[in-house]
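Here are the chains, one letter per residue:
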Amino acid sequence: KTRLEAKDVSIAYPAHFIEDLRKASRIVEPRAMRFCYSRLNSLLKTLEITDLDRFTPIQLVANFCTLLATYTEGFRVLMQPHDERTPQISDPKLQLCCVDASIAIRPVFERFRNVIITSGTLSPLEFY
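Please read all numbers here as calculations on a predicted model, not as lab measurements.

**Focus on the pattern of salt bridges**
At step 1: Going through the model one piece at a time under the given rule, you end up with 1 salt bridge.
At step 2: Residues Arg-22 and Glu-19 are paired through a salt bridge, measuring 2.6 Å at the closest nitrogen-oxygen approach. Here Glu-19 and Arg-22 lie together in helix 1 (residues 14-25), a separation of 3 residues that amounts to about one turn.
At step 3: On the basis of relative accessibility, which here comes to 33%, the residue Arg-22 falls in the partly exposed class.
At step 4: Overall, the relative accessible area of 29% leaves Glu-19 in the partly exposed class.

In C-alpha cells form, the structure reads like this:
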C-alpha cells in the first residue's frame, strides 16, 4: 500500500518487490504465491460459485501474484501513482513488465524453423 501511495513512478525487480511485500505483511510465502491463481479458482469451483464477476478484483490480484512469483528474470514491477494525463488525481497502477523479449519469443523459435519478427513500441522508454 505504501508503494502505491508514492508520488513518483518506481521500478523494482520482482524478487525485491516480493521481499518488500513479505517484510511488510509478514505472511507472504514467495513459493506459495506461484499457485495463488489456481488455488483461488479451485476454491471458487469447490464452493460452486457461479457469479465469478463479483470476484474479478481478487482474481486479478491472485493472477498478478502468480505471475510475479513465476517470472523473476527479465521482468520489472512498475508502480505508477497516477495517470500521466491527470497527475493531480491519485490512480495507482501496478504492472509486471517484460523487459526481455527473448522470454516470450523463445517458444516460437523452438517450434518453427522460420520466423518473421516485427518491431513494437518500447514503453516506458526509461526501462531500455
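That shown, we press on.
**Some remarks on the nonpolar core**
At step 1: Judged by nonpolar contacts, Ala-12, Phe-17, Ile-18, Met-33, Phe-64, Cys-65, Leu-68, Ala-69, Val-77 and Met-79 together constitute the single largest core of 10 residues.
At step 2: With 4 residues, helix 4 (residues 56-70) is the largest single contributor of residues to this core.
At step 3: Sequence-distant contacts of Ile-18, defined by excluding residues within four places in its chain, comprise Pro-30, Met-33, Leu-68 and Ala-69.

**Notes on the sheet that holds strand 3 (residues 93-98)**
At step 1: Reading across from one edge, 1-2-3 is the order of the 3 strands in this open sheet, with antiparallel pairing throughout. Bordering the open sheet on either side are strand 1 (10-12) and strand 3, each of which pairs with just one other strand. Across the sheet, the axes of successive neighbouring strands diverge by a mean angle of 25°, strand direction being ignored.
At step 2: Two strands pair when backbone bridges link them, and strand 1 and strand 2 (residues 75-80) are joined in this way by 3 bridges, in the antiparallel orientation. Bridge pairing in strand 2 places Ser-10 opposite Met-79.

**Quick word on the packing of helix 1 against helix 4**
At step 1: Contact geometry for helix 1 and helix 4: axes closest at 9 Å, N-to-C directions at 125°. As summarised for this structure, helix 1 and helix 4 are arranged oblique, according to the angle between their axes. In this structure, helix 1 meets helix 4 at a crossing whose hand is left-handed. Along the contact surface, helix 1 presents Pro-14, Phe-17 and Ile-18, while helix 4 presents Phe-64, Leu-68 and Ala-69.
At step 2: Grouping the amino acids of the contact of helix 1 with helix 4 by side-chain chemistry returns 6 nonpolar, no polar and no charged.

The rules we used
Residues numbered from 1 in each chain as written. Predicted model: local features only at pLDDT ≥ 70, side-chain atom pairs only at ≥ 80, totals over all residues. Heavy atoms only, no water. Salt bridge = Lys/Arg side-chain N within 4 Å of Asp/Glu carboxyl O. Helix = DSSP H or I, 4+ residues; strand = E, 2+ residues; numbered from the N terminus. Buried < 20%, exposed > 50% of the residue type's maximum accessible area, 1.4 Å probe, protein only. Core = buried A, V, L, I, M, F, W, Y, C linked by side-chain atoms within 4.5 Å. Contact = heavy atoms within 4.5 Å. Pairing = 2+ DSSP bridges. Axes fitted to C-alpha atoms, helices over the stretch in contact; angles between N-to-C directions. Parallel < 35°, antiparallel > 145°, perpendicular 65-115°, else oblique. Left-handed = near helix turned anticlockwise from the far one by under 90°. Nonpolar A, V, L, I, M, F, W, Y, C, P; charged D, E, K, R; others polar.

So far we have only geometry, and geometry alone does not tell us how the molecule works.
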